[in-house]
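# Coordinate analysis (summary)
Chain by chain, the residues run as shown.
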Amino acid sequence: DAKTTQPPSMDCAEGRAANLPCNHSTISGNEYVYWYRQIHSQGPQYIIHGLKNNETNEMASLIITEDRKSSTLILPHATLRDTAVYYCIVRTSNTGNQFYFGTGTSLTVIP
Amino acid sequence: DSGVTQTPKHLITATGQRVTLRCSPRSGDLSVYWYQQSLDQGLQFLIHYYNGEERAKGNILERFSAQQFPDLHSELNLSSLELGDSALYFCASSPGLAGGHPSSYEQYFGPGTRLTVT
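Small disclaimer: the values here were computed from a predicted structure and weren't measured. (Residues numbered from 1 in each chain as written. Chains lettered and ligands numbered in written order. Predicted model: local features only at pLDDT ≥ 70, side-chain atom pairs only at ≥ 80, totals over all residues. Heavy atoms only, no water.)

## Side note on the packing of aromatic side chains
To keep it simple, the criterion reads: Here is the rule: rings of Phe, Tyr and Trp (six-membered ring for Trp) pair when centre to centre is within 6.5 Å. Planes less than 30 degrees apart are stacked, more than 60 are edge-to-face, and the remainder are tilted.
Scanning all chains against the criterion turns up 14 aromatic pairs over all chains. An aromatic cluster is built from Tyr32, Tyr34, Tyr36, Tyr46, Tyr87, Tyr100 and Phe101 of chain A together with Tyr35, Phe45, Tyr108 and Phe109 of chain B, whose rings are joined through pairwise contacts.

## Quick word on the confidence of the model for chain B
The line we're drawing: As a per-residue measure, pLDDT reflects the predictor's confidence and takes values from 0 up to 100. In this analysis, two residues are considered to be in contact whenever any of their non-hydrogen atoms come within 4.5 Å of each other.
When the pLDDT values of chain B are averaged, the result is 90; 92% of them are 70 or greater. When the criterion is pLDDT under 50, residues 98-103 of chain B qualifies, and its contacts beyond four places in sequence or with other chains add up to 16 contacts.

## Remarks on the nonpolar core
Rules: Put simply, a nonpolar core is a bunch of buried Ala, Val, Leu, Ile, Met, Phe, Trp, Tyr and Cys residues held in one set by side-chain atoms that sit within 4.5 Å of each other. Relative accessibility thresholds used throughout: buried, under 20% of the residue-type maximum; exposed, over 50%; partly exposed, between the two (1.4 Å probe, protein chains only). A run of DSSP states H or I qualifies as a helix once it reaches four residues; a run of E qualifies as a strand once it reaches two. Both are numbered from the N-terminal end.
Trp35, Leu73, Tyr86 and Leu107 of chain A are the most contacted members of the largest nonpolar core, which has 22 residues in total. At four residues, strand S8 (residues 84-91) of chain A tops the list of elements feeding residues into this core. Setting aside residues no more than four positions away along its own chain, tyrosine 86 of chain A makes contact with Gln6, Leu20, Trp35, Tyr36, Arg37, Ile47, Leu73, Leu75, Gly104, Thr105 and Leu107 of chain A. Of all hydrophobic cores here, the second largest spans 20 residues; its members include Val4, Trp34, Leu46 and Leu115 of chain B.

## Digging into the sheet that holds strand S5 (residues 55-56) of chain A
Residues and elements named next belong to chain A. The condition that has to hold: Following DSSP output, two strands are said to pair if at least two bridges run between them.
Within the open sheet, the four strands sit side by side as S2-S7-S6-S5. Their pairing is antiparallel. The sheet terminates laterally at strand S2 (18-23) and S5, the two strands that pair on one side only. Where strand S6 (residues 61-64) and strand S7 (residues 70-75) come together, four bridges link them in antiparallel fashion. Within S7, the position partnered with serine 61 by the bridge is isoleucine 74.

## Some details on the state of the cysteines
Note on terminology: a disulfide is the covalent bond linking the sulfur atoms of two cysteines. To keep it simple, the criterion reads: Note on terminology: pairs of cysteine sulfur atoms within 2.5 Å are recorded as disulfides.
Enumeration according to the criterion identifies two disulfides over all chains in this entry. Each sulfur of the disulfide joining cysteine 22 of chain A and cysteine 88 of chain A lies 2.1 Å from the other. Negative torsions about the S-S bond denote left-handed disulfides, and the value of about -80° found for cysteine 22 of chain A with cysteine 88 of chain A makes this one left-handed. Here the residue cysteine 22 of chain A occupies a position in strand S2, and cysteine 88 of chain A occupies one in strand S8, the gap between them amounting to 66 residues. The pair cysteine 22 of chain A / cysteine 88 of chain A is uniform in exposure class, with both members buried. Sulfur-sulfur distance for the disulfide between cysteine 23 of chain B and cysteine 91 of chain B comes to 1.9 Å. Negative torsions about the S-S bond denote left-handed disulfides, and the value of about 70° found for cysteine 23 of chain B with cysteine 91 of chain B makes this one right-handed. Of this pair, cysteine 23 of chain B sits in strand S3 (residues 19-24) while cysteine 91 of chain B sits in strand S9 (residues 87-94); the two residues are 68 residues apart in sequence, bridging distant segments of the chain. For the residue pair cysteine 23 of chain B and cysteine 91 of chain B, the accessibility class agrees, reading buried in each case.

What follows is the structure, given as structure tokens:
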């Protein structure tokens, strides 16, 4: 699986957009980019995923660069409840459907 | 609420003992995955079952085993427990199986079982 690189921590002011970057320069053509988050010790929560095109859902937007070597997760209006560890994962179907989690980005939303 | 349930929530046991963790997937999901999260290792994939059959193994110790039953619930058995097995154990379910072509099936995680080995 392609390796991902994320900053270890970030801060964001409440109400502002949180932009979380992820580098996946070795991504292959059939690999999806997934984002999950984990609040405290709860089970990881699915946020969004994409292959080539930008994606948006009720939680966030995912912007994937044209060369697919990096992506950005955007939380449009961060709230205190968005404080969590955010994982960017690149997954291929070649080795099954499991996810390989890295160390993620610890996002702190500041009042 | 993801729809995935895990029991028990907490488990405290002694070294050398054996425990069973249980997972019920979301209604209709055929795939179940087990993950271990310890302080020093992060989230590690253990094993994947699809419709009762083992599909993939990750960093699962030989002392650990799992199975998925006809009603699709799954159990993770941990034996000869050591202090280092203390961790959060998560299961996740997914509706499909990634085949030879890209899959877009997300996984939904349960709340986890916190195992403490003393």
